Structures are given as structure tokens and as C-alpha cells.
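Residue-level structural notes
Chain by chain, the residues run as shown.
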Amino acid sequence: RRLCFWRCRLCFLGSLGFISSLINSHTLWGGESAFWATQNLSTLINPPYALSLVLLLLFLNFFTTTPSLKRALTLSLIGALLIQTKAYAALLLDFSLLGLLLISILKHKKISPQYLLLLALTAVFTLLFALPTYRLGSSGFIFSPLWFVRSIFSSPDRFPIFKVSQAWDSYTASGYNLKLIILQFVGLFLFIVGNFGLRLLTLPSFLKRALASSRETLIFFIALFGILIPLFFIQSGNSWNTIQFIYYPIFFLSLYLGPVLVAILFRSRNLIQFTFLIIIFLFLALPTSVGTLLGFTSPSPSTYISTPELRQL
């Protein structure tokens, strides 16, 4: 209930894409996906993603440190449903269960039969659920490190800094590896900070709680793989589809942010500092979400079809 409480109050939390909107469109209200990832407010634009969150939360709610055979079967069936709901979530859950098993081995110096059983059942059921709709030659993943990071600077509708994009290509072609690495780190920093914004305030507590319980460890791995996969892989046929992996760490870090913000606010020494912090938080959190709302409430929303366009159709 507490998680839902904070989630409802943080649904308007956005990215720092308003900086791109301010520079390129001269308006503060916009730029939700300037760093590629859409934000909390747009969850229901992608119904399979929204449903996958329900299944993931259901899985985490039923998950226990030592699941019995009956509970392991229930959990594996819930997890396997993700492959037909949102395949990205299914992959994240399977990788996270593997990560949980490895952490258990490192901590206890032996294989946990419960985690091994849960991982095996989830993988088998996921495979069985995937087979009815699997097509030979369907889109797979291509290893393309930092494709999203580079494309931020080269795409006109993102955060276009064409000199950075040209320098990236030049350093790659000329073999200036040190300059290229520095540029890549700067780009990676902008990618992470731009997409997560205020959520990065949760990192100290989030990392501290990563090994507090098996459930927390699962959430940690979901967030970790959700960030790492799009940094190294794109999807054949539609390169930018793998950005959807990062939606899951955005969601979970949003859940953790509420208590962190409250703790920061209540450490204020006086009313002036308290008010100043609230203004800063609102300034960093709201502009992209306001821009998204304006896009759906304007006289010409994204679903509008003009008379000439209708005639052509």
C-alpha cells in the first residue's frame, strides 16, 4: 500500500528532456523522450508494458525467500505470462532470477535448490508460452554498444549536438581511442542523468538495500539489466525498440524516490529552505510531463486528422 501511495504521487515525474525542448523549441514544456525513454505519465500509451508491470508486481508480491514447490509453480506461471505480455519484461525477470541464484551461491557457498527450481520452471514455461507465436526469422538483438547514447546527439528530435556526433565518428575512424572513451563517458552520463532525473537521488538507498532481501535483490537486478541491455544491444528491424528495457528501472526507482524526497525535505533547517527544495524538485520533475499533457489537450492532439488528410486517406 505504501508503494502504491508513493507511485500515485510520482506519476508526473519526468525526465530532464525539457532542457532539449528549451534549447531547440524555446519552450520549457516538452522533451519527455529527448533522451529516448518515455516516462511514468505515458505508461498507459503502451498497454502491454502497463500489464507487464502488474504481472511483475504480482510476482514480487508472491515471491518468498524459500518458495515451496506449489509457490514455485505459481510464480513460474506468472513469470512465463510475461513472454506473451511484454517479452522485454520476461527477459529481465529470467536474467534477474539467474542473478539471484548467483548471489545466493556467492553468499552461502552452495546452490539454492529453491532458486534453481524457480529459475528452471520459469525458463521452461516461458519457452513453452513463447512457442505458439514464435516465427522463424523474427527480430533478434544486435550487439551495438552505446547506439542510444550516440543517437541522442545525431537525431534531430532528441538532444541534437551534431558537432558531438561528428566528433564521435571522427574519433572512431581515426583511432583516437582516449578522446572517444572520454566522449562516450560524457554521453553515457547525459543518457543516464537525462532519462532518470530526480530518480538518481534514490541510488544510495537503492544500492544499500540491494542485498537486504531476496525480493530487493530481484528488483536490483531488474533495474540493472534494464539499464545495461539497451546500452549494448539494439533490435534488428527496429533499432530503438530495446529502449523499452529501461522503462522498468525508471518505474522501480520512481517507487523508491518518494521516501527519499520526504527525508530530504524534512532535513530542511527552516521554511525558506523547505520551500526552495520543493520548488527545485517541481522544476526538475514536472516540465516534460506538463508538455506531454498539453500535447493531448491541445486543439490539434496527436490523434487529430485534418480534412485534407482524411480525403487523401
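The structure reproduced in this document is the subject of the present report. (Residues numbered from 1 in each chain as written. Predicted model: local features only at pLDDT ≥ 70, side-chain atom pairs only at ≥ 80, totals over all residues. Heavy atoms only, no water.)

**Thoughts on the overall build of the protein**
Which entries qualify depends on this criterion: Helix and strand definitions follow DSSP, with helices as H or I runs of at least four residues and strands as E runs of at least two, each counted in order from the N terminus. Note on method: radius of gyration uses C-alpha positions; expected globular size equals 2.2 Å times residues raised to 0.38. Think of it in three bands: with a 1.4 Å probe and only protein chains considered, a residue is buried below 20% of the maximum accessible area for its type, exposed above 50%, and partly exposed in between. Contacts are assigned to residue pairs with any non-hydrogen atoms lying within 4.5 Å of each other. Accessible surface area values rest on a Shrake-Rupley calculation with a 1.4 Å probe, where residue burial reflects the displayed protein chains alone.
Along the protein, the regular secondary structure elements total 15 helices and two strands. For the protein, whose C-alpha radius of gyration is 21 Å, the value lies close to the compact-globule estimate of 20 Å for 313 residues. Seen along its three principal axes, the alpha-carbon backbone of the protein occupies a region of about 60 × 60 × 50 Å. Here the protein, with 313 residues, has 43% of them falling under the buried criterion. In the protein, 72% of the contacts between residues at least 6 apart in sequence involve partners at least 24 apart. About 17,300 Å² of surface is accessible on the protein, with carbon and sulfur atoms providing 70% of the total.

**Focus on a nonpolar patch on the surface**
Note the cut-off: A patch consists of residues exposed above 30% relative accessible area that lack any salt bridge, with like charges linked at up to 9 Å and nonpolar side chains (Val, Leu, Ile, Met, Phe, Trp, Tyr) linked at up to 5 Å. Only one rule defines a salt bridge in this text: a Lys or Arg side-chain nitrogen within 4 Å of an Asp or Glu carboxyl oxygen.
Where nonpolar side chains cluster on the molecular surface, the patch consists of F141, F143, L224, L228, F232 and F233 and spans about 520 Å² of accessible area. At the level of secondary structure, the elements contributing two or more residues to the nonpolar patch comprise β1 (141-143) and α11 (214-232). A total of three residues in the nonpolar patch trace back to one element, the largest contributor, which is α11. Considering the arrangement of structural elements, one finds L224 in helix α11.

**Regarding the environment of L101**
Relative to the helices and strands, L101 resides in helix α5 (residues 87-108). Residue L101 is classed as buried on the basis of its relative accessible area, which comes to 7%. Once the C-alpha coordinates of L101 and P230 are considered, the two residues, 129 residues apart in sequence, prove to be 23 Å apart. Once residues within four sequence positions are removed from consideration, L101 is found in contact with I111, S112, Y115, L116 and L119.

**So, the packing of aromatic side chains**
What counts here: Only the six-membered ring of Trp is used, alongside the rings of Phe and Tyr, when aromatic pairs are assigned; centres must lie within 6.5 Å, and planes under 30 degrees apart are stacked while those over 60 apart are edge-to-face, with the rest tilted.
Here the structure, examined in full by the defined rule, presents 22 aromatic pairs. Pairing W36 with W147 gives two aromatic rings, centres 5.8 Å apart and planes at 40°, and the pair type is tilted. Taken together, the residues span a long stretch of sequence, with W36 in the loop between α2 (18-24) and α3 (47-62) and W147 in helix α7 (residues 147-154) at a distance of 111 residues. When its relative accessible area of 9% is taken as the criterion, W36 is described as buried. Ring geometry for F206 versus Y256: centroids 5.1 Å apart, planes at 80°, classification edge-to-face. Here the residue F206 occupies a position in helix α10 (residues 203-208), and Y256 occupies one in helix α12 (residues 247-265), the gap between them amounting to 50 residues. Note on Y256: relative accessible area 9%, which makes it buried. Aromatic rings pair up to connect F95, F206, F220, F221, F225 and Y256 into one cluster.

**Some details on empty space enclosed by the protein**
Test applied: A cavity here means a set of 1 Å grid points, computed over protein atoms only, where a 1.4 Å probe fits but cannot escape. A pocket is an open set with protein on both sides within 12 Å along at least 5 of 7 lines, and lining residues have an atom within 4 Å of a point. Grid points are joined across faces, edges and corners, and a volume is the space filled by probe spheres set on the points. Three classes are used, and their members are as follows: Ala, Val, Leu, Ile, Met, Phe, Trp, Tyr, Cys and Pro are nonpolar, Asp, Glu, Lys and Arg are charged, and the others, Gly among them, are polar.
Counting across every chain of the model gives one cavity of 30 Å³ or more. Considered as a void within the structure, the largest cavity measures approximately 40 Å³ in volume. Among the residues making up the lining of the largest cavity, the classes are represented as three nonpolar, five polar and no charged.

By themselves, these are just geometric observations and shouldn't be taken as functional.
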